Amino acid sequence: MNRIRVGIIRAFLFKRPDAAAKAFKRPDAAAKAKRPEAAAKAFKRPEAAAKAKRPEAVAKPSGPTLPPKWNSRRRSRALKTTPGPASRRGGIPTTAILDGEFMAKQSHVHAQWSSRTAFVLAATGSAVGLGNIWKFPYMVGDSGGAVFVLVYLVCIALIGLPILVSEWLLGRRGQSNPINTMQTLSRDSKKSPDWVLVGIAGVLGSFLILSFYSVVGGWSLNYTWSTLTGDLGKSSGVDVGDYFTTLLSQPGTLLFWHTLFMLITFGIVAGGVKGGLERAAKWLMPLLIVALILLIGFGATTAGFGEAAAFMFSPDWSKLNGGVILAALGHAFFTLSLGMGIMMAYGSYLGQEVNLIKTARTVVILDTVIALGAGMAIFPVVFANNLDPSAGPGLLFVTLPLAFINMPWGLAFGTIFFALLTVAAITSAISLLEPVTEFLEERTSLSRLGSAFVAALATWALGIAALLAFNVWSGFQPFGFNVFDLLDALTSKLMLPLTGLAAIVFTAWFLDSEGVKQELGLGPKGRVLWHYVSRYVAPIGVVVVFFNSL
C-alpha cells in the first residue's frame, strides 16, 4: 500500500501519469490511481487506452523525435536532478521521490524560444555582422559577381549548413551551455571526456572575439552620433578623411564608446532569452531591414547604381579560379557564427518541434540576401563618388564617410547607414556574450543578471587592452601582432575552424547515427546525403579553410 501511495504522489508532483504504473510495473496500478491512460503510455497497450477512453494515449507524436534511448536518459535525468547552481535557472523548489524516499530538489527549467520566427531572427542577427556589411559585397564584386554567389551557395550548402545544423543539434540535445552539453553528450555516448574541450573552446572563443568586436562596435556608435549631430569631419577642423585616424589615437574617446557598446550588450543579454535576446531580435532585425531598404533607395538615386549592380551581379567566369573558391569556402564558414559556441548555446533553447535543416536554410537565405542588399546600399555611393570599392574595412570608416559628406542629404543617410552598422554589431555582440553568460548562470550560484554582468565586465576589461593597441600600447606586439590583431588572428585562424571541425566530427562520427537522422527528419535520400556530407565533405572543407587561413 505504501508503494501505491508513493507512485500516486510521484505522478501528482511531476505531472507524470506513468509514474504510478512504473512504480509497480503493473497497468492496473494506474487504473487504481484513476489514471488508466498512464498504463497505455507506460506499456504501449491499446486496451488500456480504450478503458480510459483515451485512444490517443498510444498515438505516436508527429514530426522528428529524439531517439528512444536518448529520450529515456533525458527522462531519467529529469527525475534524478541533482541540486546545485545549475538548477537555479528559473527553477522552483520541488520534492523528488527516489526509491520511496522524499528528497529536497530543485528543478532546472531551461529557457525556450517562444517561436521558430524568434529563433530565426536571433540566429540571423548573429550571422549578420560587420563583416557581412562590407566584406561579402566586395568579395562578390571582385570575384566574378553572380559566379561567386553561385560558388558561395554551393560551399555554404556543403560546409556551413551542415556545421550549423550540427551545433544546433548538439545544443538542443544537451539543453545547457556548450561546456555542459559536450560533457553530457560525450558521457552518454561513452566517448572520451576530452570532447568537453569543444565546448570550452567555443565559450572561450566567443569571449575573446567580443573583447575586440566591442571596440569596433564603439566605432560604429561614434560615427552614428557624429553623422547625426553633423560633427563628422568638422570638429576641430579635422578633415573627414583623417577622422578615423584621430579617433584611434584617443584612448579616452575609444574607452567611452567601447563602454557604452558593452553596456547596451549587457542590458539586452541580462534580460534572458525571451526578455532580452528575443525582444532585441524582434525589434533590431526589422529595423536593420528597413534601414537597408532606405539606403538601397538612396543608392538608386545616384549615378553609380547601374555600375554597382553590374559590379555585383554580372557573371564573369574568367575570374573563377582556386583563389575565388577558397574565398567562398572561407566566407561560407565564418559568416554563420560557427565554432564560437553561439549556435550551440542558441540551440540549447530550441524545442524538439523545430526542423533544424529547414530553419538553417532560412537563416542562410536571409543572411545572404541581407549581405547582397548591403552591397547595393554601399557601392552606388562609392561609384558615384569615384572611390575605391576595394578599400576593405577602411571602406566603412574612411571611404563612405567621405562620400556621404559630399552628397545631398548625405549626413542624413550617413546616419541611417551607421545606425544600420551599429544594429548589425549589436545583434552579433549579444550572441557572443550569451555562451559565457549561460555557462556562468548554470555553473555558478549567480543569477542571470549577475552572470551577464560578470561576463560583460571581463569582456570589457580585455577590450581595453584591444583599444589601447592603437595608441598607448601600439609598441607592444607579441608574436608580431598588436593586441587587437593578435586576438583576431588567434580566434579566426585557429580556434573557430578547429572548434567547428570538432563539432561536425563529433556529430557525424560519435553520436548515434540513426538517432541523428531521425531527429533531423531525413528521408532515405536525405539520410544518404547527410551521411557523406557530414562525415567527409564538410570536415574536409573546414580543414582546407584552416590551412588556407594560416
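Here the residue index of a chain counts from 1 through its sequence in written order. Per-residue local features of the predicted model are confined to residues with pLDDT of at least 70, and side-chain atom pairs are confined, for both listing and counting, to 80 or more; whole-chain, interface and lining totals are unaffected and use all residues. Excluding hydrogens and water, the side-chain values take into account all heavy atoms of the structure.

1. Quick word on unusual backbone geometry
To keep it simple, the criterion reads: Helix and strand definitions here come from DSSP, where helices need a minimum of 4 consecutive H or I residues and strands a minimum of 2 consecutive E residues; each element is numbered from the N-terminal end.
With a phi close to 60°, Ser 337 is a non-glycine residue in the positive phi region. One can find Ser 337 in the loop between α16 (322-334) and α17 (342-347).

2. Quick notes on a nonpolar patch on the surface
For the record, the criterion: Patch construction takes residues with relative accessible area above 30% that form no salt bridge. Like charges are linked within 9 Å, and nonpolar side chains (Val, Leu, Ile, Met, Phe, Trp, Tyr) are linked within 5 Å. Under the convention used here, a 1.4 Å probe and the Shrake-Rupley method define accessible areas, while residue burial counts only the protein chains that appear. Think of a salt bridge as a Lys or Arg side-chain nitrogen and an Asp or Glu carboxyl oxygen that are within 4 Å of each other.
A cluster of nonpolar side chains, contributed by Val 154, Leu 158, Trp 509, Val 528, Tyr 532, Tyr 536, Val 537, Ile 540 and Val 544, occupies part of the molecular surface with about 790 Å² of accessible area. If you list the elements that add at least two residues to the nonpolar patch, you get α9 (146-174) and α24 (524-549). Tallying contributions element by element places α24 first for the nonpolar patch, with six residues. Position of Trp 509 among the secondary structure elements: in helix α22 (residues 483-510).

3. A short note on the packing of helix α13 (residues 251-269) against helix α21 (residues 448-468)
For clarity, the cut-off: Axes here refer to lines fitted to C-alpha atoms; in helices the fit is confined to the stretch in contact. Angles between the N-to-C directions go from 0 to 180 degrees. An angle below 35 degrees is read as roughly parallel, one above 145 as roughly antiparallel, one from 65 to 115 as roughly perpendicular, and any other as oblique. Crossing handedness is read from the near helix: turned anticlockwise from the far helix by less than a right angle, it gives a left-handed crossing, and turned clockwise, a right-handed one. Any two residues whose heavy atoms approach within 4.5 Å at even a single point are treated as in contact.
Closest axis-to-axis distance for the α13/α21 pair is 10 Å, and the angle between their directions is 155°. Viewed along their axes, α13 and α21 adopt a mutual orientation that is roughly antiparallel. Note on packing geometry: the crossing formed by α13 with α21 is right-handed. Where α13 abuts α21, its residues Pro 251, Leu 254, Leu 255, His 258, Thr 259, Met 262, Phe 266 and Val 269 lie against Arg 448, Leu 449, Ala 452, Phe 453, Ala 456, Thr 459, Trp 460, Gly 463, Ile 464, Leu 467 and Leu 468.

4. As for empty space enclosed by the protein
The line we're drawing: Using a 1 Å grid laid over the protein atoms alone, points where a 1.4 Å probe fits but cannot get out form a cavity; open sets with protein on both sides within 12 Å along at least 5 of 7 lines form a pocket; any residue with an atom within 4 Å of a point counts as lining. Grid points are joined across faces, edges and corners, and a volume is the space filled by probe spheres set on the points. Any residue outside Ala, Val, Leu, Ile, Met, Phe, Trp, Tyr, Cys, Pro, Asp, Glu, Lys and Arg is labelled polar, Gly included; the first ten of those are nonpolar and the last four are charged.
Summed over the entire model, instances satisfying the criterion amount to two cavities of 30 Å³ or more. Size it by volume and the largest cavity reaches roughly 60 Å³. Lining the largest cavity, in full, are Thr 507, Ala 508, Ser 513, Val 516, Lys 517, Trp 530, His 531, Ser 534 and Arg 535. Among the elements of the structure, α22, α23 (513-519) and α24 are those that each provide at least two residues to the lining of the largest cavity. The greatest single-element share of the lining of the largest cavity, amounting to four residues, is contributed by α24. Classifying every residue of the lining of the largest cavity by side-chain character gives three nonpolar, four polar and two charged. Of the volumes computed, that of the second largest cavity is approximately 50 Å³. Lining the second largest cavity we find Leu 121, Ala 122, Gly 125, Ser 126, Leu 277, Ala 280, Ala 281, Tyr 346, Thr 427 and Ile 430. In terms of residue count, the dominant contributor to the lining of the second largest cavity is helix α7 (residues 116-127) (four residues). Counted by class, the lining of the second largest cavity contains seven nonpolar, three polar and no charged residues.

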